[in-house]
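The residues making up each chain are set out below.
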Amino acid sequence: MKFYHFSEMPYPYVTNELDEKYRGMRTFLPNRTYDPVLGYELYQRYLDEYEMADELGLHLMVNEHHQSATCLQVSATMSAASMVNRTTRARVILLGIPLPHRDNPVHVAEEVAYLDAISGGRIECGFVRGTAVETYPSNQNPVHNQAMFYESHDLIKEAWTRSDVFSWEGRFYNYRYVNVWPRSYQQPHPPIWVTASAPPLIRWTAEHDYNLAFLVGREEDTINIFRIYRRAAAEYGLPEPGPEKFGSMVLCYVAPTAEKARQMGEKLMWYFTTMNPRQKGRLAPGYLSPSKSVDLLQGKLGAVRALGLDALVDAGVILLGTPDTVIKQVERLYESTGVGNMFLMMHAGEMTSNEVRDGMVLFSNEVMPAVASLGEKWEDDDISWRIANDKTPVGNTLSSSVS
Amino acid sequence: MPGGKNMRPPAVFLHDSDVLPGHIGALEQLNDALEIDVPRHPGFGSDDHLAESWDSVGDLAQFHIERIRKRPDGGKLHLMGAGFGGWVALEMAVRAQELFCSLLLVSSYGIKVLDRTVAEFADVFVLEPDELIDLGWYDRTRFAGVRIPGYPSGSETAEDERAFADRAALARYGWRPFMHDPRLSRWIETIDIPVLIIGGAHDGMLAPRHDELLAQRIPTAQFVELAHAGHYSYIEAPDAFADVVLKFLRQHEYL
């Protein structure tokens, strides 16, 4: 089992009044409410925490959002560039690059190749569609989001593997000459991850033999989504996928006492309570099908947001407690889902740097050694998620996903 | 006067986004004097499969033009469009004005007349239903003929799905640049058929003076503002709307 440290690098100084007035912290909260000096201090703090995570033996996850106080990471590739120069051991997963929102896929291919080149091959490259709300900062047409994702991917993959100059005249992207320098250190390219919760994209990910990530979902949804991937991989004639193919993002805090952990759990809830997108399904027409949009409007999607702390812990969305408790929670998630990579959001909102560091240290000292070997010999395990053992029909997905 | 006795001159009315199909508002009474065809745009519940490979109002305009060219009786039509449909009508007039004897635009999108940092068109995708009604109507108690996803609360799932699909179609055609086309803007001055532009004095969906400034860009255009109407003047003030249209058509001896 691999563990990654992740922080969205939030800007926590937004008052409830401002949050209320602008109906959330994304897109419409004027940037005059951002203080450049406080912002500088935050960036130093967050980068220091990432550096410490590397020293503790954790890997690192970066992401990006735009025009938002919830996340000051503005480019996964720029964040990764900041990380690789401060760290020596950790693998850095970009999860991910929102392909449809990047105007220039060739630049994406170059930037990731550059990161992999300067880090000596420490990059894991995640491709995502980008959440619906990202549609406004990028102003890319939500109707074309999925098709742009596929074409952008095809072009980047070609740029990484063609080894020669080629031209690309697609529906969304046009280049007369594509010829990416440098080449990535890992050949033919860094491992590719895709975040997916809809069956067609899960199957596509399996078909390409990429790794699958599911972010902030309930355990039962994670089981179902990984199940769809495993069955698709079998259909495509691929070997049975092991835990290394799967990642899930959970919120996590480990504390010496249950009381302290609970106190920190309440602070982690900032991540959910600030998820306040305007307009629900109306926001990005065509990003979801009309029926999914209605589900969102009626509160059937994004159900995770409505859960309280206890329910989120029960659902496996938050790992919380003393080291012994969290060890059991990690073991439970491995046994039920077969996940082999956990992206741990060990920080949210107003948690202090000391609180974040205490949690990371305890996790790496007490939890990680106890569960690091999970999944190493999965092929010898007669476990529930193995293709031969899992007879459960595929269920409805996206019933709880945050994005 | 085209057509014989008892023959109503043919017209085509291109609908706005979010509006229901059919002869709504003033179209019903105008249909006594004109034979008004109200086609649905592909993507808005009719020929939706065609729209899947399209991405511009130009596609839509060409579709309607080809449809008109195939009419068995030939002859020129009165071209009309409201809101988003006004944009389509403008594009059609620029592409094939030989098919039309007049052009009516109602609170039309399609042309940006104000500065690049002015958000000239209200963002229907971001505004809440109540905000849209406040912006779109002079008297919100007259709200009718318009379908907004999830409004009113408890609306039928099938209706909401249709409303979402319509919104997706609008996004397909009008997402970027938002609700206008700079290329179209370069050519509207070539329109030389009679043009009537009707605006609602309380239309908050368009920036103030948008309709009037658009009218100034087209040499043959006249502008009429209806005092007690918003963006959907043909629904909100059908009698006043029909009077203005009929007067325009008589002025040019089409009736």
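Residues numbered from 1 in each chain as written. Chains lettered and ligands numbered in written order. Predicted model: local features only at pLDDT ≥ 70, side-chain atom pairs only at ≥ 80, totals over all residues.

**Student:** Would you take a moment to explain the overall build of chain A for this structure?
**Tutor:** On a plain count of helices and strands, chain A comes out with 14 helices and 11 strands. Here chain A has a C-alpha radius of gyration of 20 Å; the compact-globule value for 403 residues is 22 Å, and the two agree. With the principal axes as the frame, chain A shows a C-alpha extent of 60 × 55 × 45 Å. With 403 residues in all, chain A has 49% of them scored as buried. Sequence separation of 24 or more characterises 75% of the internal contacts of chain A that already satisfy a separation of 6 or more. (Helix = DSSP H or I, 4+ residues; strand = E, 2+ residues; numbered from the N terminus. Rg over C-alpha atoms; globule rule 2.2 N^0.38 Å. Buried ≥ 20, exposed ≤ 12 C-beta atoms within 10 Å, placed from the backbone. Contact = placed C-beta atoms within 7 Å.)

**Student:** So what exactly am I meant to see when it comes to helix 8 (residues 219-235) of chain A here?
**Tutor:** Residue pairs three or four apart in sequence face the same way in an α-helix, which turns once every 3.6 residues. All names here are of chain A. The terminal C-alpha atoms of helix 8, which comprises 17 residues, lie 24 Å apart, in line with the 24 Å expected from a rise of 1.5 Å per residue. Extensive coverage of helix 8 is indicated by the burial of 13 of its 17 residues. Just beyond helix 8, the residue with positive phi is Gly237, at close to 75°. (Expected span 1.5 Å × (residues − 1).)

**Student:** Would you explain the sheet that holds strand 5 (residues 195-200) of chain B in this entry?
**Tutor:** Two orientations exist for strands paired in a sheet by backbone hydrogen bonds: parallel and antiparallel. Residues and elements named next belong to chain B. The strand order across the open sheet formed by 6 strands is 2-1-3-4-5-6, and the pairing between neighbours is parallel. Two strands lie at the open edges of the sheet, namely strand 2 (35-37) and strand 6 (221-226), each paired on one side alone. On average, each strand axis in the sheet is inclined to that of its neighbour by 20°, with strand direction left out of account. Relative to strand 5, strand 4 (residues 100-106) runs parallel, the two sharing 4 bridges. Among the inter-strand pairings, Leu103 is bridged to a residue of strand 5, identified as Val195. Across the sheet, helix 10 (residues 238-251) lies against strand 4, strand 5 and strand 6, angled at about 165° from strand 5, the strand it touches most. (Pairing = 2+ DSSP bridges. Axes fitted to C-alpha atoms, helices over the stretch in contact; angles between N-to-C directions.)

**Student:** Explain unusual backbone geometry here, please?
**Tutor:** Excluding glycine, most residues fall at negative phi; most peptide bonds, likewise, are trans. The omega angle of the peptide bond from Leu95 of chain A to Gly96 of chain A is -10°, so this bond is cis rather than trans. With respect to the element layout, Gly96 of chain A can be found in strand 3 (residues 92-98). Put simply, Tyr151 of chain B and Pro152 of chain B share a cis peptide bond, and its omega is -10°. For Pro152 of chain B, the location among the structural elements is in the loop between helix 5 (129-136) and helix 6 (157-174). Unusually for a residue other than glycine, Asn139 of chain A sits at a positive phi of about 60°. The residue Asn139 of chain A is located in the loop between helix 5 (135-138) and helix 6 (145-161) in this model. With 13 C-beta atoms counted inside 10 Å, the residue Asn139 of chain A sits in the partly exposed group.

**Student:** What is the right way to look at the packing of helix 7 (residues 199-207) of chain A against helix 8 of chain A in this model?
**Tutor:** Packed helix pairs are characterised by how far apart their axes lie and by the angle those axes make with each other. Residue and element names in this part refer to chain A. Contact geometry for helix 7 and helix 8: axes closest at 8 Å, N-to-C directions at 45°. In this view, helix 7 runs oblique relative to helix 8, as classed from their interaxial angle. Read as a crossing pair, helix 7 and helix 8 show a hand that is right-handed. Together, Pro199, Ile202, Arg203, Thr205, Ala206 and Glu207 of helix 7 and Ile225, Ile228, Tyr229, Ala232 and Ala233 of helix 8 make up the contact between the two elements. (Parallel < 35°, antiparallel > 145°, perpendicular 65-115°, else oblique. Left-handed = near helix turned anticlockwise from the far one by under 90°.)

**Student:** Teacher, can you tell me more about the pairing of strand 1 (residues 10-14) of chain B here?
**Tutor:** A regular strand places its side chains so that they alternate between the two faces of the sheet. Residue and element names in this part refer to chain B. When you tally the buried positions in strand 1, you get 4 out of 5 residues, the bulk of the element. Two elements, strand 1 and strand 2, share 3 bridges in a ladder whose sense is parallel. Bridging from a neighbouring strand, Ala11 pairs with Ile36 of strand 2. The pairing of strand 1 with strand 3 (residues 77-82) spans 4 bridges and is classified as parallel. Opposite Val12, over in strand 3, you have Leu79 as the bridge partner.

**Student:** Could you clarify how one ought to interpret the environment of Leu105 of chain B in this entry?
**Tutor:** All names here are of chain B. When you line up the elements, Leu105 lands in strand 4. Note: C-alpha distance between Leu105 and Leu79 (26 residues apart in sequence) is 8.6 Å. Not counting residues up to four positions away in its chain, the partners in contact with Leu105 are Gly81, Gly86, Ala89, Leu90, Val195 and Ile197.

**Student:** Would you mind showing me how to read the nonpolar core here?
**Tutor:** Tyr4, Leu60, Val92, Cys252 and Leu344 of chain A are the most contacted members of the largest nonpolar core, which totals 97 residues. Once you skip the residues sitting within four places of it in the chain, Cys252 of chain A turns out to touch Leu319, Leu344, Met345, Met346 and Phe363 of chain A. Counting residues in each nonpolar core, the second largest holds 88 residues, with Val12, Val19, Ile197 and Ile198 of chain B among its members. (Core = buried A, V, L, I, M, F, W, Y, C linked by C-beta atoms within 7 Å.)

**Student:** Help me understand the environment of Leu135 of chain B in this model?
**Tutor:** Residues and elements named next belong to chain B. Tracing the chain through its elements places Leu135 in helix 5. The spatial distance from the C-alpha of Leu135 to the C-alpha of Ile36 is 28 Å, given a sequence separation of 99 residues. Excluding its chain neighbours within four sequence positions, the residues that come into contact with Leu135 are Ala122, Gly204 and Met205.

**Student:** What exactly am I supposed to notice about the packing of helix 3 (residues 76-86) of chain A against helix 4 (residues 105-119) of chain A here?
**Tutor:** Residue and element names in this part refer to chain A. At a minimum axis distance of 10 Å, the contact between helix 3 and helix 4 shows a crossing angle of 5°. In terms of orientation, helix 3 and helix 4 fall into the roughly parallel class. Together, Thr77, Ala80, Ala81 and Val84 of helix 3 and Glu111, Val112, Leu115, Ile118 and Ser119 of helix 4 make up the contact between the two elements. Looking at side-chain class alone, the contact of helix 3 with helix 4 contains 6 nonpolar, 2 polar and 1 charged residues. (Nonpolar A, V, L, I, M, F, W, Y, C, P; charged D, E, K, R; others polar.)

**Student:** What is the right way to look at helix 2 (residues 36-55) of chain A in this model?
**Tutor:** All names here are of chain A. Taking 1.5 Å per residue, 20 residues should reach 28 Å; helix 2 reaches 29 Å between its end C-alpha atoms and fits that length. Among all positions of helix 2, only Tyr46, Tyr50, Ala53 and Asp54 are buried. Angular distribution of buried residues about the axis of helix 2 spans 105°; they occupy a single face of the element. Counted as exposed and oriented over 90 degrees from the buried face of helix 2: Val37, Leu38, Tyr40, Glu41 and Gln44. Packed against the buried residues of helix 2 are strand 1 (2-6), strand 2 (59-62), helix 3 and helix 14 (353-371). (Arc of directions from axis to C-beta.)

Note that all results are geometric; they support no functional claim without further evidence.
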